[in-house]
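Below, each chain spelled out in residue letters.
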Amino acid sequence: RPRPRMFKNLIGRNHPEFSTGGQQDAMEFYQHLLDQIFKAERVGSSRWNEDPGLTSDLFKLELEERLEDTQSKQVQYRKRSDNVLPIFITTDAAVNKEVFEEYEMRKLKRAKKLETGATEDQEELEPVQLQVPFEACLKHFFREREIADFTSPVTKEKGTALTSLRISRFPKYLVVQMMRFQFAEDWTPVKLDVLVETPERLELEQYRGAGIQEGELALPETAASAPPTIVPDAAIVAQLTEMGFSENGAKRAAVATKNAGTEEGMNWVLEHMNDADFNNPIVEQATLEATFKQAINQEHVSNLEAMGFTAMQAEAALGATDGNIERAADWLFSRMDNLDQAIAEMKNSDQQAQEQSAEEHANGLLDGKGSYELVGLISHIGKHTQVGHYVAHVKKSGKWILYNDDHVAVTRSPPRDLGYLYMYRRVD
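Residues numbered from 1 in each chain as written. Predicted model: local features only at pLDDT ≥ 70, side-chain atom pairs only at ≥ 80, totals over all residues. Heavy atoms only, no water.

Enquirer: How should unusual backbone geometry be read in this particular structure?
Expert: Where the residue is not glycine, phi is negative for most of them; where a peptide bond is considered, it is trans in most cases. In this structure, Lys-73 takes a positive phi of about 65 degrees despite not being glycine. For Asp-149, which is not glycine, the phi dihedral falls at a positive 55 degrees. Here Asp-149 is to be found in strand β5 (residues 145–151). Judged by its relative accessible area of 58%, Asp-149 is exposed. (Helix = DSSP H or I, 4+ residues; strand = E, 2+ residues; numbered from the N terminus. Buried < 20%, exposed > 50% of the residue type's maximum accessible area, 1.4 Å probe, protein only.)

If you want it as structure tokens, here you go:
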């Protein structure tokens, strides 16, 4: 069987972060893995006698955002797909705040005594961690929020709006991310040392979205018009990531502020860092083609053009082989007899996959009851965001198995209160 490091090197090759030995985020690796699987299945779909569907669809949930203009009382519903449910840890809801604050005071007094050289009668302090109910974090995610300075598309005047999220489609597998990596008061990244006991059985049906309700009036369609496509400024993104913000969050900030500058981007981040989709990739359809072209190494395109292929053929081959120029050359030469037809078939299969996914999306074929059981979790060992180690616990045949690099062992008590990523399987 492949060793964990071998698997990581295979999936992370040619990636600017995952191909290195530095500390990486498990959430971002999970999304990169799904992306790689999607590309491989898309390329190989023409060889299937019967379409088995896409692996990524098993993890895809649909979020429904409700927006209410408080002036006109009219509403707007928008839907978007995601492959993770990001849950912010609300420390204000901790059930042992008084005990924790007392512990922090005693720890501070102890530290001051040690500074003065006092070593006698120093009692041992039993560590105390904040305990936050998972249900409180869940309610915080689905809460109704107020948007200030909202210009009503009906009255054309500034006022407020109310927005909230629901789940309109429940996937086969639901990945929950506990947002343990946040920012301190000085905006440096920190890891929250907080206990959040996640349930083994998760019931979410009460948070199902059902679209516009009887008696509600829809906002004019002009209110939902999409903004023009904006490509994130690489310099702004680089400066924001150096400050400790995630790459996806930095890109969102650059787009939202129309690349106005680093300061404007940082101000946007500080206002929106708790948004449910802050760390998720920007996946608007209008930017997919531009993003695809940016991902292709133009030097590889030039090298393939020097072999006699057109730029379109080179880009198609690189897209089909994950940007690997050697494999792209083999792909092209092995299809010399009907190259244009092979490219057309590949594009056609891509279109069919998208259309089928959209049809399944519309028909709710991948939807089910919002009832889940926990089958795995990933936890981060370490006190800081830039260092540490990830371990996984997986439930197999009713037993919890610890996976720590090459070390595999049965365990009785997985750390459900310290996890970073949780995988739930829908109970059908």
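Enquirer: What is the right way to read the side chain of Gln-74 from this model?
Expert: Here Gln-74 is to be found in the loop between β1 (61–69) and β2 (75–82). Excluding its chain neighbours within four sequence positions, the residues that come into contact with Gln-74 are Leu-67, Glu-68, Asp-69, Val-154, Leu-217, Ala-218, Leu-219 and Pro-220. (Contact = heavy atoms within 4.5 Å.)

Enquirer: In this structure, what is going on with the layout of surface pockets? I would like to understand it.
Expert: One water molecule sets the probe size; rolling that probe over the atoms shows where empty space is left. Within this model, the second largest pocket holds a volume of roughly 1600 Å³. Residue composition of the lining of the second largest pocket, grouped by class: 24 nonpolar, ten polar and seven charged. (1 Å grid on protein atoms, 1.4 Å probe; cavity = no way out; pocket = protein on both sides within 12 Å on 5 of 7 lines; lining within 4 Å. Points joined across faces, edges and corners; volume = space filled by probe spheres on them. Nonpolar A, V, L, I, M, F, W, Y, C, P; charged D, E, K, R; others polar.)

Enquirer: Help me understand the pattern of salt bridges in this model?
Expert: Between side chains of opposite charge, a pair can form when the charged atoms approach closely. Under the defined criterion, the tally for this structure stands at 15 salt bridges. The salt bridge partner of Lys-395 is Glu-200, with a shortest N-O separation of 3.5 Å. Residue Lys-395 is located in strand β13 (residues 389–396), and its partner Glu-200 is located in the loop between β10 (194–195) and β11 (201–203); the two are separated by 195 residues in the primary sequence. Residues Glu-373 and Arg-425 are paired through a salt bridge, measuring 3.1 Å at the closest nitrogen-oxygen approach. Highlighted residues: Glu-373 in strand β12 (residues 371–381) and Arg-425 in strand β16 (residues 419–426), separated in sequence by 52 residues. Each of the salt bridges in this network shares a partner with another, and the network as a whole consists of Arg-66, Glu-68 and Glu-216. (Salt bridge = Lys/Arg side-chain N within 4 Å of Asp/Glu carboxyl O.)

Enquirer: Explain the packing of aromatic side chains to me, please; I cannot follow it from the model alone.
Expert: Centre distance and the angle of the planes are the two values used to describe a pair of aromatic rings. Counted under the stated rule, the structure contains ten aromatic pairs. A centroid spacing of 6.5 Å and a plane angle of 45 degrees characterise the contact between Phe-100 and Tyr-103, whose relative ring orientation is tilted. Of this pair, Phe-100 and Tyr-103 both sit in helix α3 (residues 97–115), three residues apart, which is roughly one turn of the helix. The buried category is assigned to Tyr-103, whose relative accessible area is 13%. Relative to Tyr-420, the ring of Tyr-390 lies with its centre 6.3 Å away and its plane at 25 degrees, an arrangement referred to as stacked. A residue pair is termed long-range when its members are at least 10 positions apart, and Tyr-390 in strand β13 and Tyr-420 in strand β16 qualify at 30 residues. Pair check on accessibility: Tyr-390 and Tyr-420 agree, each one buried. (Phe/Tyr/Trp six-rings, centres within 6.5 Å; stacked < 30°, edge-to-face > 60°.)

Treat this as a map of the structure, not an account of what it does.
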